[in-house]
Amino acid sequence: MLEGTIVVVPAKPTGWSLILRGALAVVFALVILAWADITVAATVFVFGLFTLLDGALSLGLWFASSKGSKNPWLLALGIVSIAAGLVAMIWPNKTAIIVVLIIGWWALALGVLQLVSALAARKVFPFWWVGLISGGITLALGLWLVIAPGTGILAMLVVIATFLILAGLAMLFEGFKTLRSASA
């Protein structure tokens, strides 16, 4: 159904964007693990900063893409991430449940968009399956947080840090593979 609607070409900007996003995710995870006892407001602020930067990188890549290779799913990823970041930054003092739900809904939307984007790239990008794995991990986290938001903010932080490390490593892998493919 999506075949032929989106042109995805492995390119150096794509590789570098994935590497930056992956490194950002791993650094954010390490900050969470190092300061697990920080306040919810600080967690919301750091999450908001992460999603704003992630969204800006996605939008930057979308705007930098040539007209024939603009991926609308990358644009959607950027918009969803920036929207989640703005909500988190504007209302940092909300309860832990609100924080969990914001992160959960963001992860749900991002996971679906990552899955669709990976499936759209499967015929032209040899490592599309890495995006599929990352999208599945993101979607699973989002489902868990939306279905059971009251399980505790500290437990959620550990799960989110684990998710970010796994997703970040997947993006780093995909980014380096993309750079190699673009250079070949």
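Structure first, text after, so check above.
Everything numeric here is computed off the predicted structure, so don't read it as measured data.

Colleague: Please clarify how empty space enclosed by the protein should be interpreted in this entry.
Modeller: Inspection of the entire model under this criterion finds three cavities of 30 Å³ or more. Each pocket or cavity is described by its volume, and for the largest cavity that value is around 70 Å³. In terms of lining residues, the largest cavity is bounded by Arg 21, Ala 25, Phe 50, Asp 54, Trp 106, Leu 110, Gln 114, Ser 134, Phe 163, Leu 164, Ala 167 and Met 171. The set of elements that each furnish at least two residues to the lining of the largest cavity consists of helix H1 (12–34), helix H2 (40–64), helix H4 (96–120) and helix H6 (153–183). Counting residues per element, the lining of the largest cavity draws most heavily on H6, which supplies four residues.

Colleague: Looking at this structure, how should I read the nonpolar core?
Modeller: Generally speaking, soluble globular proteins have nonpolar side chains that are buried together. Counting 31 residues, the largest nonpolar core has Trp 106, Ile 160 and Leu 164 as the members making the most contacts within it. Secondary-structure elements contributing two or more residues to this core are H1, H2, helix H3 (72–90), H4, helix H5 (128–147) and H6. With eight residues, the single largest contributor to this core is H6. With residues near it in sequence (within four places) discarded, Ile 160 still touches Ile 32, Ile 103, Leu 141 and Leu 145. If you look at the next biggest cluster of nonpolar residues, it comprises five residues, including Ala 121, Phe 127, Val 130 and Ala 170.

Colleague: What should I look at first to understand a nonpolar patch on the surface in this one?
Modeller: A cluster of nonpolar side chains, contributed by Leu 86, Val 87, Ile 90 and Trp 91, occupies part of the molecular surface with about 380 Å² of accessible area. A relative accessible area of 42% places Leu 86 in the partly exposed class.

Definitions and limits used
All chains use their own residue numbering, which begins from 1 and follows the written sequence. Reporting of local features is limited, given that this is a predicted model, to residues whose pLDDT is at least 70; pairs of side-chain atoms are given and counted only at 80 or more, and all residues count toward the totals for whole chains, interfaces and linings. Water and hydrogen atoms play no part in the side-chain values, which are based on all heavy atoms of the structure. Buriedness of a pocket was judged along seven lines, with at least five required to meet protein on both sides within 12 Å; pockets are open sets of points on a 1 Å grid over the protein atoms alone, cavities are sets where a 1.4 Å probe fits but cannot get out, and lining residues have an atom within 4 Å of a point. Grid points are joined across faces, edges and corners, and a volume is the space filled by probe spheres set on the points. Helix and strand assignments come from DSSP, with helices taken as H or I runs of at least 4 residues and strands as E runs of at least 2, each series counted from the N terminus. Note on terminology: a nonpolar core comprises buried Ala, Val, Leu, Ile, Met, Phe, Trp, Tyr and Cys residues joined through side-chain atoms within 4.5 Å. Three labels apply to residues, based on accessible area from a 1.4 Å probe with only protein chains included: buried if under 20% of the type maximum, exposed if over 50%, partly exposed otherwise in between. Here, two residues are considered to be in contact whenever any of their heavy atoms come within 4.5 Å of each other. Note on patches: the residues involved have over 30% relative accessible area and no salt bridge, like charges join within 9 Å, and the nonpolar side chains Val, Leu, Ile, Met, Phe, Trp and Tyr join within 5 Å. In this description, accessible areas are obtained by the Shrake-Rupley approach with a 1.4 Å probe, and a residue is regarded as covered only by the protein chains that are shown. For this analysis, a salt bridge means a side-chain nitrogen from Lys or Arg found within 4 Å of a carboxyl oxygen belonging to Asp or Glu.

No statement about biological role is implied by the geometric values presented.
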